[in-house]
Amino acid sequence: MRFKVVSPVHLTASPVNSYGSISCVSARTGTLTQDSMSSSTGCQDAVHVPRFTFNPREGIDNPALVITDDPEPDSSLVPKLCYLKRMEGQSFGFYMRVDQTHHSFEVRGVERWSPAECSGLKDGDRLLEVNEEYVADKDFYTVMRKIQSCGVHLFLLVLRKEEYEQSMSMGLDLKMLVKLAKGDHWTRPRLCHISKEPEHGLGMTIVAVEGQKGQYMVCTVPDGAAEKAGVCTGDRLIWINGALVSMLTHSHLVKAGKKSGNSVTLLVADSESEACYVRRKMPILPVIAQCCSIPHAAKTMHLEKGADGYGFLLRQEKLVGQERKVHVLREIDVGSPAEGAGMEDGDLLLAVNGEPVESSQHEDIVQLIRKSGDEVTLTTMSIPGRDFYRALDLSPLLFHEDRLSVNDDCAKNQGNDRRSTGSDSKKVSAFL
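Residues numbered from 1 in each chain as written. Predicted model: local features only at pLDDT ≥ 70, side-chain atom pairs only at ≥ 80, totals over all residues. Heavy atoms only, no water.

1. Observations concerning the overall build of the chain
So, point 1. What the chain contains, in helices and strands, is twelve helices and 23 strands.
So, point 2. About 22,300 Å² of surface is accessible on the chain, with carbon and sulfur atoms providing 51% of the total. (Helix = DSSP H or I, 4+ residues; strand = E, 2+ residues; numbered from the N terminus. Areas by Shrake-Rupley, 256 points an atom, 1.4 Å probe, with all protein chains shown as cover.)

2. A few points about helix α9 (residues 362–371)
So, point 1. All of the buried residues in α9 are His362, Ile365, Val366 and Ile369. Seen from one end, α9 has its buried residues packed into an arc of 100°, which puts them on one side. Exposed residues lying more than 90 degrees from the buried face of α9 are Glu363 and Lys371.
So, point 2. Two residues or fewer after α9 comes Gly373, characterised by a positive phi angle close to 85°. (Buried < 20%, exposed > 50% of the residue type's maximum accessible area, 1.4 Å probe, protein only. Arc of directions from axis to C-beta.)

3. Focus on the side chain of Ser114
So, point 1. Mapping Ser114 onto the fold places it in the loop between β6 (104–108) and α1 (115–119).
So, point 2. Within the structure, the side chain of Ser114 is placed 3.5 Å from the backbone oxygen of Gly93, a separation counted as a polar contact.
So, point 3. Dropping the residues within four chain positions of it, Ser114 is found in contact with Phe92 and Gly93. (Polar contact = N/O pair within 3.5 Å; in protein donor to acceptor, adjacent residues only side chain to side chain. Contact = heavy atoms within 4.5 Å.)

4. Describing the packing of aromatic side chains
So, point 1. Counted under the stated rule, the structure contains four aromatic pairs.
So, point 2. Relative to Phe140, the ring of Phe105 has its centre 6.5 Å away and its plane inclined at 45°; by these criteria the two rings are tilted. With Phe105 in strand β6 and Phe140 in helix α2 (residues 140–148), this pair connects stretches of sequence that are 35 residues apart. Like Phe105, the residue Phe140 is buried in the burial classification.
So, point 3. Here the aromatic rings of Phe388 and Tyr389 are separated by 5.4 Å at their centres, their planes lie at 90°, and the arrangement is edge-to-face. (Phe/Tyr/Trp six-rings, centres within 6.5 Å; stacked < 30°, edge-to-face > 60°.)

5. Let's talk about the side chain of Glu274
So, point 1. Considering the arrangement of structural elements, one finds Glu274 in helix α7 (residues 271–279).
So, point 2. Given the relative accessible area of 11%, Glu274 is considered buried.
So, point 3. Excluding its chain neighbours within four sequence positions, the residues that come into contact with Glu274 are Gln215, Arg236, Ile238 and Ile284.

6. Re the environment of Lys182
So, point 1. With respect to the helices, strands and loops of the structure, Lys182 is situated in helix α4 (residues 174–182).
So, point 2. What makes Lys182 buried here is its relative accessible area of 4%.
So, point 3. Spatially, the C-alpha atoms of Lys182 and Ser273 are 9.5 Å apart, while their sequence positions differ by 91 residues.
So, point 4. In this structure Lys182 touches Glu129, Glu132, Cys276, Arg279 and Arg280, once residues within four positions along its chain are discounted.

7. Re α2
So, point 1. Most of α2 is tucked away, with seven of its nine residues classed as buried.
So, point 2. Taken together, the buried positions of α2 are occupied by Phe140, Tyr141, Val143, Met144, Arg145, Lys146 and Ile147.
So, point 3. Where α2 begins, one side-chain oxygen reaches toward the backbone nitrogen of Tyr141, 3.1 Å away; that side chain belongs to Asp139.

8. Some remarks on the environment of Phe312
So, point 1. Along the chain, Phe312 turns up in strand β18 (residues 309–318).
So, point 2. Owing to a relative accessible area of 1%, Phe312 belongs among the buried residues under this scheme.

9. Let's talk about the pattern of salt bridges
So, point 1. Evaluated as defined, the whole model comprises 21 salt bridges.
So, point 2. Residue Arg112 pairs with Glu117 through a salt bridge whose shortest N-O separation is 3.4 Å.
So, point 3. Here Asp235 makes a salt bridge to Arg190, at a shortest N to O gap of 2.8 Å. Taken as a pair, Asp235 in the loop between α5 (225–228) and β13 (236–240) and Arg190 in strand β10 (residues 190–195) lie far apart in primary sequence, 45 residues in all.
So, point 4. Owing to a relative accessible area of 12%, Arg190 belongs among the buried residues under this scheme.
So, point 5. Among the ionic contacts, a cluster of salt bridges with common partners joins Arg97, Asp99, Glu106, Arg108 and Arg126. (Salt bridge = Lys/Arg side-chain N within 4 Å of Asp/Glu carboxyl O.)

Spelled out as structure tokens, the structure:
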């Protein structure tokens, strides 16, 4: 479909909670007795001193003693982890809406037999985290796009409706609840892409953990390629080039590293974080990882329609040697808005106004662009870049939002696009 005007009519186509802390350190001693208050003159019999037990929550009649009493999290208020897995092109099967009363994200309309229902997600649940990132203080657009762009795996940390209402009535800090559920000394895993260097190669060795079958540890060369990519000595190796290492023998693991050529992509976690995930019975996957030096970033372009339209052709094609159909940008006009935005012939279209479109029909994408009016935001990636993510079974948009800087022109333009189209900024509900 050609996005160009061929007539005078412009067309677009084709609170660590401060638990009862007190300011008087001496008051922490607990029980005060008559003996502890006797004078040095030995006249304690002359003065009657009542025996009492100091309770730091009730305090005593002493203006110098100040007690702060923040609400304690109830041990029964434990957030639930839901792991959703869908097929490519399938929805997760639930609606997310904004509860205007508490400005929380509420789960509604969980479909029967959907990935959402199978995970244990229920109507009324409130979202606290999406893929290990706290979202209760985010805007609707950010949370919606994070879910839409995660690929086939999704982890949601939620509170049941009754538990959420109880937390609100008690004035509890939801971040504290999340922290208590995970424990201390926890960090997200890291997805690291390592390119070989002439002298030390990948700059690491992989060692089997003694007595633990299928468990491997990484040792890095100081200032080597692995260390520069974000890998640390002692990290547990979880995943290499899309394969779980727990399923590989050491010899197969070495072969996998040699087959990778001049680069390798690893998913690693420190031992304490790995133990935390094991305790939570949560699989460690790239979707919950921090992105470290991953190549082939998606590109976001903001286009404003010119006198001859946007100046590019959108085609649906089959890639050579593949049955998969893709949406390809072709025939970029010289001097057009598309060329000015940095569009390149042969790039693949991933999203329109932030909405993923790889699984959409060609006609539906055309309608999305038309409905956008005189401005549109397109997210694209080169074919080699898309092949890189496909080989790893990852969504090409997985880390895209994280990579957009607040000061980046694309981020600003995308924000302008949200306001201009009004399609997302005013949304209070979305099917995911």
